[in-house]
Amino acid sequence: MKTLLFTLFALLSFTASVQADTSGEALFDAKCASCHIKVIPQDTSSLIAPPIIGVMRHVNMTYPSQKEAVKFISAYAMHPQVNKAVCQSQKIKRFGLMPSQKGNLSEEDLHSISVWLVKNYLSSPPKQTGSKSCNN
Ligand code: HEC
């Protein structure tokens, strides 16, 4: 019964309001995925921001600690800065600096998103690659 109630609640809160939902993934879909798509397309020319999988690979390389990674993502989304970026400057040249998400979502929601991103995408130990591009 408890499980059923929980499932019902989860379903209801998901469909009723994404804002009240504590699911990091639903929040990511609502707040970030319009720019950071989840799957790298064959044709990357229409991208308006680096796909999130590429972003997270670079977060992982710079911040192997999950705690630091969560902190970085939360801080960056509110205060994007060229000298804080983990992607190479060519990304900022191509897409422009990310617009601050301040006012677009609460610190709590952003924290849920960051935790979900780190849990979902970070591998340990980080995969090293030669390229410092966020697209692949
Ligand atoms: C309006 C489009 C847009 C939205 C919405 C957006 N981003 Fe971004 N984001 C960008 C662009 C463009 C870049 C690449 C340039 C840069 O690094 O600032 C970027 C880069 C990033 C980076 C990598 C920064 C780095 O080190 O270079 C992170 C992390 C990130 N975004 C997280 C988020 C999260 C989390 C959200 C949702 C709360 C979000 N973004 C919403 C456009 C967006």
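All values reported here derive from a predicted model rather than from experimental measurement.

Side note on the site of the ligand
Line of reasoning, step 1. C32, C35, H36, V86 and M98 are the nearest of the 23 residues found near the ligand.
Line of reasoning, step 2. Backbone polar atom of M98 to an oxygen atom of the ligand: 2.9 Å apart, as the coordinates give it.
Line of reasoning, step 3. In this structure the site holding the ligand corresponds to the largest pocket.
Line of reasoning, step 4. Residue assignment for the shell around the ligand shows that the elements contributing at least two residues are helix 4 (66-78) and helix 5 (89-95).
Line of reasoning, step 5. Take the shell around the ligand: its biggest share by element is three residues, from helix 4.
Line of reasoning, step 6. Among the residues forming the shell around the ligand, the class breakdown is 19 nonpolar, three polar and one charged.

So, the coordination of the iron atom of the ligand
Line of reasoning, step 1. Those protein atoms acting as donors to the iron atom of the ligand are H36 (NE2) and M98 (SD), and they sit at 2.0 to 2.1 Å.
Line of reasoning, step 2. Coordination at the iron atom of the ligand is octahedral: its six donor atoms span angles of 85 to 179° at the metal. Taken together, the positions of H36 in the loop between helix 2 (24-31) and helix 3 (52-62) and M98 in the loop between helix 5 and helix 6 (107-121) put the pair 62 residues apart, joining distant regions of the chain.
Line of reasoning, step 3. Under the relative-accessibility criterion, H36 is labelled buried at 14%.

Points about the confidence of the model for the protein
In low-pLDDT segments, the atomic positions of the prediction should not be examined closely.
Line of reasoning, step 1. When the pLDDT values of the protein are averaged, the result is 85; 74% of them are 70 or greater.
Line of reasoning, step 2. Ignoring residues within four places in sequence, the model shows residues 17-21, a span with pLDDT below 50, making ten contacts including any to other chains.

Let's talk about the pattern of salt bridges
A side chain of one charge can pair with a side chain of the opposite charge when the charged atoms of the two come close.
Line of reasoning, step 1. Evaluation of the coordinates by the stated rule reveals three salt bridges.
Line of reasoning, step 2. A salt bridge links K38 to D29, with the nearest nitrogen and oxygen atoms 2.8 Å apart.
Line of reasoning, step 3. The network of salt bridges with common partners includes E25, D29 and K38.

Some words on helix 3
Line of reasoning, step 1. Buried residues dominate helix 3, accounting for nine of its eleven residues.
Line of reasoning, step 2. The set of residues buried in helix 3 consists of I52, G54, V55, M56, R57, H58, V59, N60 and M61.
Line of reasoning, step 3. Buried residues belonging to helix 3 abut helix 2, helix 4 and helix 6.

Considerations on the layout of surface pockets
Line of reasoning, step 1. If you add up the space inside the largest pocket, you get close to 590 Å³.
Line of reasoning, step 2. In terms of lining, the largest pocket is formed by 32 residues, of which the most central are H36, P50, V55, Y76 and M98.
Line of reasoning, step 3. Looking at the lining of the largest pocket, the elements with two or more residues in it are helix 2, helix 3, helix 4, helix 5 and helix 6.
Line of reasoning, step 4. A class-by-class count of the residues in the lining of the largest pocket yields 26 nonpolar, four polar and two charged.

A look at the packing of aromatic side chains
Line of reasoning, step 1. A full pass over the atoms with the stated rule returns four aromatic pairs.
Line of reasoning, step 2. On the numbers, 4.9 Å between centres and 25° between planes, the contact of Y63 with F72 is stacked.
Line of reasoning, step 3. Ring geometry for F72 against Y76: centres 5.6 Å apart, planes inclined by 35°, an arrangement best described as tilted. Residue F72 and its partner Y76 are located together in helix 4, separated by four residues, close to a single helical turn.
Line of reasoning, step 4. A relative accessible area of 11% places F72 in the buried class.
Line of reasoning, step 5. Ring pairs connect the aromatic residues F28, W116 and Y121, which therefore count as one cluster.

About the criteria used
Residues numbered from 1 in each chain as written. Predicted model: local features only at pLDDT ≥ 70, side-chain atom pairs only at ≥ 80, totals over all residues. Heavy atoms only, no water. Near = heavy atom within 4 Å. Polar contact = N/O pair within 3.5 Å; in protein donor to acceptor, adjacent residues only side chain to side chain. 1 Å grid on protein atoms, 1.4 Å probe; cavity = no way out; pocket = protein on both sides within 12 Å on 5 of 7 lines; lining within 4 Å. Sits in = over half its atoms within 2 Å of the grid points. Helix = DSSP H or I, 4+ residues; strand = E, 2+ residues; numbered from the N terminus. Nonpolar A, V, L, I, M, F, W, Y, C, P; charged D, E, K, R; others polar. Donors = N, O, S within 2.8 Å, 3.2 Å for Na, K, Ca; no water. Tetrahedral: all angles 85-135°; square planar, octahedral: opposite > 155°, others 65-115°. Buried < 20%, exposed > 50% of the residue type's maximum accessible area, 1.4 Å probe, protein only. pLDDT = per-residue confidence, 0-100. Contact = heavy atoms within 4.5 Å. Salt bridge = Lys/Arg side-chain N within 4 Å of Asp/Glu carboxyl O. Points joined across faces, edges and corners; volume = space filled by probe spheres on them. Phe/Tyr/Trp six-rings, centres within 6.5 Å; stacked < 30°, edge-to-face > 60°.

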